[in-house]
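Descriptive structure summary
Residues per chain, in single letters:
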There are 2 protein chains.
Amino acid sequence: MSDFERFKEIQKKQKAYALVLGVTNWDSHTEAPKECFPYRSEMLSIISGESFSLSTSEEYKTLVNDLMNQREELNDYQRKEIEKAKKNLDKIDKIPKSEYIEYVRLQTMAQRVWEEAREEEDFNKFKPYLEKLISYQKKMVAYRSDTDTPYNVLLDDFEEGMDMEKYDAFFTTIKEDLVPFVKEVLAKKPKETPAFIHKSYPVENQRKFVEYLLDVFHYNLDRGLLKESVHPFTWNTHSKDVRLTVRYLKDYVFSSIFAAIHELGHALYEQQVDEMFDMTNLKSGASMGIHESQSRFYENILGRSKAFWEVHFPKLKTMFPDQLKDVTLEDFYKGINWVDETFIRVEADELTYPLHILLRYELERAIFNDGLSVEDLPAMWNDKIKSYLNIDVDKPSNGILQDVHWSGGMFGYFPTYALGSAYAAQIYYTMIEDIDFEALIKANKIDKINTWLKEKIHCFGSSLKPEEILVKVTGEAFDPSYYIRYLKEKYSKLYLE
Amino acid sequence: MSDFERFKEIQKKQKAYALVLGVTNWDSHTEAPKECFPYRSEMLSIISGESFSLSTSEEYKTLVNDLMNQREELNDYQRKEIEKAKKNLDKIDKIPKSEYIEYVRLQTMAQRVWEEAREEEDFNKFKPYLEKLISYQKKMVAYRSDTDTPYNVLLDDFEEGMDMEKYDAFFTTIKEDLVPFVKEVLAKKPKETPAFIHKSYPVENQRKFVEYLLDVFHYNLDRGLLKESVHPFTWNTHSKDVRLTVRYLKDYVFSSIFAAIHELGHALYEQQVDEMFDMTNLKSGASMGIHESQSRFYENILGRSKAFWEVHFPKLKTMFPDQLKDVTLEDFYKGINWVDETFIRVEADELTYPLHILLRYELERAIFNDGLSVEDLPAMWNDKIKSYLNIDVDKPSNGILQDVHWSGGMFGYFPTYALGSAYAAQIYYTMIEDIDFEALIKANKIDKINTWLKEKIHCFGSSLKPEEILVKVTGEAFDPSYYIRYLKEKYSKLYLE
């Protein structure tokens, strides 16, 4: 057996562990009964440990390092597989197994405590866990790198090629170009929210409408599944098993609908990755940022367009005739693009959304780079949201305790959300030069848009880096000005004309 | 670390594998999208292989054998754990890993082929797989034992302590005492099936009624879950995660209801095992037979009693007012205990059910002990069902291809179904001397019956052997005459008086 074949054999075993761990987590998030968790988390820590041992075994390390040295002899995809394996290996190589397992346990515990703390509006309950998670992350970074900018290491983990310098430039654009525009819009928008937004929409028909959307977007149910969970998410093992969840809020139908379209964006991406990558480490989307560009493209650029609702608003009206009586398409379009000063990121409109991310980026940067203490976090959070959106946080669940990410030890993840939205805009301006986007939507031919994205982005899985994809698709490196342009064009028309 | 502690550590790892494999199989049977299976079965064979390696490692074998030799120094439960581990080890010890993995793959394939063959009514399609499964089983038995009665080995696998001699005695009783009685009943029963049995019952309300039953039976939803699947089943990892599935047939509501109560019997058993066994190999039910005694006790002795429907028939009527208009409790009681000559075991009534098992026992016995060839199986099946129930098999799905078990390589399993029904009757006659069974049902206090079974049977998990449980509960060894008595009492009253 050649080195490469032996490497592939171990990789396959890693994927086997990922599959059973993944399915078990899917189960945990969607339906497992609440009393099963103490037993289950103990069992999962054992299997995670086995997987960790495999991925840090001497044999595997030697193979990866040897193959890295001979990588010029491999073909293009094989070389990319080895490079990715090497990168992943370097991340965990020097972490002692016992600490790794301890960290997995801490994450599980911290998530539960965060849930309780949020429910009880008690930041102090979560505080010691957040402190531990941060110091763990700092320790982990120190194991792998002797950098004096640990946040850069985390940023690169979630988006290869990104660092503080690049993000600073991006967020400066947002701060200087977007924040004043948002304030202008907010000042001029009508005072009253359209009444139909928060009417009561029976869940049963919400479910039916979302099932209708699966069809509209050509999501393949032979390779996927729609289910419900508290926080919507997409999950996949390979291109032939890509699932999504939504939740149905009786008093906020648009949350269900747009969360569904958002997750559909992620799911279509994964279903369209070429199946030749299924058994490799190149099988998933290219990066968090590119992934988010797809979900936010489908959700906002496509899903909140007037063209889309020209086709599908009549259908929605037949399902909710009372709630949408006398609502015109124009009203509806304005309603689903309603801009507002709100506390909660996941419910924020497209325009104020990046300000929520800006805030998180600044806090994380301060924590990891400037030694900001957890003690001072809530006040800083509240100051910033006041300064960007002029609102006063009334309780921790509307501020510091609103997001799950930190409780899972994920620092450096948030910025990819804004980055993804910006990628999406840049890709969009290329797309409309190539195909008649609006006409396709009006002809209910979203499969043609899927195909365009498949051929330009999806099919490559993670065999290309984010930057490579952008250049390949748009002919340019990342340029945030498209994002600002897109937002200004759309929201000027809606609110300033 | 002592030998016992090290043994426990490996056991825990085995349980961790069992958990992730179990959850993945649960997913496969309930919701996984159809295109995911080729990838998934490859991954599962790897993890099964890992688990197999662990359970046959030199270290583990040495530990188990050493601890067996020192078992007098252990406490009672520890000793039982070691004895069970030793028994399990002996089952797989001498099987080469490659053959084991090949066998796991064969099972997966055979099940899919069986499904197709059944759909296409083509026994020849399944025949080569069935032949392979049988010769594999013979080979496996030969690895572990040099017995000249391989079927005894398989029978003991599913019900410790049982062999052909004991089953022969049991089935002779059935053949001699029950078959003539069944023929008498069938000759005298009214010609026309009550019309309400096969009316159309909307699935939505079937679902609601089954949810109502969960409550009635005090099934704990914090430790479980109800879901749908093609074949109803119960599945558990430990006492705090015990799930069941049902399927809803529009034209056969009683199939849904009694399958649900049957699975509830299994599930209540597992939920009531003492949690001190959760991390041990004594954590599940005592045996297939004892398990089936519980499911059939709840389904038939309790669930098809008049007392039960005195309480719950009014509720059912409110859910299906049109279908059950003019149906009296007496009509209903007769209808749910309708005796008939039918092809399908899982739909058979309580009285003819053991004849379906008798047939399977005789065939399996002939295959493994007398060299009956697969070629001759269908004809023999058809002859026997003709002789016991006087019906002519019209297609393979009504005969040889109806059950999933053989396609999973499970030979020796069927007899436990009849045995369980017989255990149930024996336990029942003890129970009614101890508590007022009928009064409790009429007072809707099934929790009291659960508690009786918990204290007498469930709490012990598999720390007691089937025979030990029977003696402990009833004061006697297994005696099939209770079963015959129970059936004759009930069905004489229904059909012969």
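The structure displayed is predicted, hence computed values, not measured ones. (Residues numbered from 1 in each chain as written. Chains lettered and ligands numbered in written order. Predicted model: local features only at pLDDT ≥ 70, side-chain atom pairs only at ≥ 80, totals over all residues. Heavy atoms only, no water.)

**A look at the overall build of chain A**
Going by this rule: By the criteria applied, helices consist of DSSP H or I runs no shorter than four residues and strands consist of E runs no shorter than two, each listed in order from the N terminus. Taken over C-alpha atoms, the radius of gyration is set against a globule rule of 2.2 Å times the number of residues to the power 0.38. Only protein chains enter the accessibility calculation, which uses a 1.4 Å probe; a residue is then buried when its area is under 20% of its type maximum, exposed when over 50%, and partly exposed in between. Throughout, a residue-residue contact means that at least one pair of heavy atoms, one from each residue, lies within 4.5 Å. Values of accessible area rely on a 1.4 Å probe in the Shrake-Rupley scheme; residue burial ignores everything except the protein chains shown.
Broken down by element type, chain A carries 20 helices and three strands. Against the 2.2 N^0.38 benchmark of 23 Å for 497 residues, chain A shows a C-alpha radius of gyration of 23 Å, consistent with a compact globule. Along the first, second and third principal axes, the C-alpha set of chain A runs to 70 × 50 × 45 Å. For chain A, the residues scored as buried account for 57% of the 497 residues in total. Taking as baseline every contact in chain A between residues at least 6 positions apart, the subset at least 24 positions apart corresponds to 74%. Summing over all exposed atoms, chain A offers an accessible surface of approximately 20,100 Å²; the carbon and sulfur share of this is 48%.

**Considering the interface of chain A and chain B**
In many reports, interface size means the accessible area that the parts give up when they come together. Rules: Buried area: the accessible area, evaluated with a 1.4 Å probe, that two parts lose upon being put together, summed over both parts. In what follows, salt bridge is the name for a side-chain nitrogen of Lys or Arg lying within 4 Å of a carboxyl oxygen of Asp or Glu. Polar contacts, as used here, are pairs of N or O atoms within 3.5 Å; protein pairs need one atom able to donate a hydrogen and one able to accept it. Residues neighboring in sequence count only if both atoms are side-chain atoms.
Contacts between the two partners involve 40 residues from chain A and, on the opposite side, 40 residues from chain B. Summing both sides of the interface, chain A and chain B together bury roughly 3,600 Å²; the carbon and sulfur share of this comes to 63%. At the boundary of chain A with chain B, the tally comes to 16 salt bridges. At the junction of chain A and chain B, the tally comes to 21 residue pairs in polar contact (both at pLDDT 80 or more). Sorting the residues of the side of chain A that touches chain B by element identifies helix H1 (3-30), helix H2 (37-55), strand S1 (224-228), strand S2 (234-238) and strand S3 (241-246) of chain A as the ones contributing at least two each. Sorting elements by how many residues they give to the side of chain A that touches chain B places H1 of chain A first, with 11 residues.

**Thoughts on the relation of the copies chain A and chain B**
We apply this condition: Copies overlap after least-squares fitting; the atoms used are the C-alpha atoms of residues with pLDDT of at least 70 in both.
Structural alignment of chain A on chain B gives an RMSD of 0.0 Å, achieved by rotating through 180° and translating 0.0 Å along the axis. This pairing of chains is accounted for by a two-fold axis. Rotation axis and chain A: the residue whose C-alpha lies nearest the axis is Val20 of chain A, separated from it by 2.7 Å. Looking at chain A, 100% of its interface residues are interface residues in chain B too, so the copies touch through the same face.

**Brief notes about the sheet that holds strand S1 (residues 224-228) of chain B**
Residues and elements named next belong to chain B. Applied cut-off: Two strands qualify as a pair provided DSSP detects at least 2 bridges between them. The axes are straight lines fitted to the C-alpha atoms, using for helices just the contacting stretch, and the angles between their N-to-C directions are given from 0 to 180°.
Strand order in the open sheet formed by three strands is S1-S3-S2, and the pairing between neighbours is mixed. On the outer flanks of this sheet lie S1 and strand S2 (234-238), each paired with one strand and no other. Taking each pair of neighbouring strands and ignoring which way they run, the sheet shows an average axis angle of 15°. Where S2 meets strand S3 (residues 241-246), four bridges bridge the pair, whose relative direction is antiparallel. Bridging across to S3, Asn236 finds its partner in Val242. Here helix H10 (residues 253-271) sits on the sheet in contact with S1, S2 and S3, set at roughly 170° to S3.

**Side note on the pairing of S2 of chain B**
Within S2 of chain B, four of the five residues are buried, which leaves the element mostly enclosed by the surrounding structure. In this structure, the hairpin formed by S2 of chain B and S3 of chain B is closed by a connection of two residues.

**Considering the packing of aromatic side chains**
Here is the rule we go by: Each Phe, Tyr or Trp ring (for Trp, its six-membered ring) is paired with any other whose centre lies within 6.5 Å, and the angle between the two planes then decides the class: stacked below 30 degrees, edge-to-face above 60, tilted in between. Definition used: whenever NZ (Lys) or CZ (Arg) falls within 6 Å of the ring centre and also within 35 degrees of the ring normal, the charge is taken to sit over that ring.
Per the stated rule, a full pass over the model turns up 86 aromatic pairs over all chains. Centroid distance Phe258 of chain B to Trp309 of chain B: 6.1 Å. Interplanar angle 65°. Geometry classified as edge-to-face. Placement of the pair is Phe258 of chain B in helix H10 and Trp309 of chain B in helix H12 (residues 306-319), with a sequence separation of 51 residues. Residue Trp309 of chain B is classed as buried on the basis of its relative accessible area of 1%. Each ring, one from Tyr429 of chain B and one from Tyr482 of chain B, has its centre 5.8 Å from the other, and the planes form 35°; the classification is tilted. One end of the pair, Tyr429 of chain B, is in helix H16 (residues 415-434); the other, Tyr482 of chain B, is in helix H20 (residues 481-495), with 53 residues separating them in the sequence. For the pair shown, Tyr429 of chain B and Tyr482 of chain B are each scored as buried. Directly above the aromatic system of Tyr429 of chain A lies the positively charged group of Arg485 of chain A, at a separation of 3.8 Å from the ring centroid.

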